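What follows is each chain in one-letter form.
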Amino acid sequence: GTYTLPGTCADFTFNYNNCCRNPNISNLVAPSGQGIFIRSVLNNMISNNSTPKFDPKIVRALCVNKLATIKFGSVDANQDSLYYRLVAPKTNASNCTFNSLNYVSGYSVEQPISTAPTNPAVFDSLKGTFYVTPSQQGIYQVSVAIDEYRWNPVTMSRYLIGRSFCDIPVIVAATCN
């Protein structure tokens, strides 16, 4: 949606949280007791800005032993530069803070889906594309942060203007039709 913000603040933070995660998630410790927490941060002191829009058709179903591409790439109406990075999924906590969830042993921020050791997943931080050949079935939580930068012609440098998060479950099936 479109929101008109009241006044000018240094930063605006938009939060969303919900309980609870799928209890069958394979790569997180105790997922059913964990909430979902995502946010966007807007640096509003510089100029008008909009958050990047994600493709609603992000691939969420993969097959064991088949190379897959998950595109987190998004479109920015302001044509700002976008930089993507894998992050740990977040959960809400008390006092308006958030905590990173723990991965089950063998999984990590960089390797959130089970892969063969000789064929690790690869993430392209400039395009927001995740290349993975899953080695076993399951449900895996994958989370990405998108940092949005704008060019400053006076200082000849880029500055952070916003940050958004995308947190999706990815289903890996044993076989696919």
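Residues numbered from 1 in each chain as written. Predicted model: local features only at pLDDT ≥ 70, side-chain atom pairs only at ≥ 80, totals over all residues. Heavy atoms only, no water.

Peer 1: Would you take a moment to explain a nonpolar patch on the surface for this structure?
Peer 2: A cluster of nonpolar side chains, namely L67, V122 and Y131, defines an oily patch on the protein surface of about 290 Å² accessible area. With respect to the helices, strands and loops of the structure, Y131 is situated in strand β11 (residues 129-132). (Patch = residues over 30% accessible without salt bridge, like charges linked within 9 Å, V, L, I, M, F, W, Y side chains within 5 Å. Areas by Shrake-Rupley, 256 points an atom, 1.4 Å probe, with all protein chains shown as cover. Salt bridge = Lys/Arg side-chain N within 4 Å of Asp/Glu carboxyl O. Helix = DSSP H or I, 4+ residues; strand = E, 2+ residues; numbered from the N terminus.)

Peer 1: What is the right way to look at the state of the cysteines in this model?
Peer 2: Every disulfide links exactly two cysteines, by a covalent bond between their sulfur atoms. Under the definition given, this model contains 2 disulfides. Each sulfur in the disulfide pair C19 and C20 lies 1.6 Å from the other. On the accessibility criterion, C20 (35% relative accessible area) is partly exposed. Bridging C63 to C176, the disulfide has an S-S length of 1.5 Å. The chirality of the disulfide connecting C63 with C176 is left-handed, given an S-S dihedral of about -115°. (Disulfide = S-S within 2.5 Å. Buried < 20%, exposed > 50% of the residue type's maximum accessible area, 1.4 Å probe, protein only.)

Peer 1: Would you take a moment to explain the nonpolar core for this structure?
Peer 2: As a rule of thumb, soluble globular proteins bury nonpolar side chains together. Counting 28 residues, the largest nonpolar core has L62, I70, F72, I113, F130, I168 and V170 as its most contacted members. Contributions of two or more residues to this core are made by β5 (68-71), β7 (81-87), β11, β12 (138-152) and β13 (157-173). Among the elements that make up this core, the one with the highest residue count is β12 (5 residues). Beyond its immediate chain neighbours, meaning those up to four positions away, V170 contacts R60, L62, I70, I113, G138, I139, Y140 and V142. (Core = buried A, V, L, I, M, F, W, Y, C linked by side-chain atoms within 4.5 Å. Contact = heavy atoms within 4.5 Å.)

Peer 1: Where do I start with the environment of S157 in this structure?
Peer 2: One can find S157 in strand β13. Taking the relative accessible area as the measure of exposure, S157 reaches 29% and is therefore partly exposed. Between the C-alpha atoms of S157 and V87, which are 70 residues apart in sequence, the distance is 25 Å. Residues within four places of S157 in sequence aside, it is in contact with R150, W151 and N152. A distance of 2.8 Å separates polar atoms of two side chains, one belonging to S157 and the other to T155. (Polar contact = N/O pair within 3.5 Å; in protein donor to acceptor, adjacent residues only side chain to side chain.)

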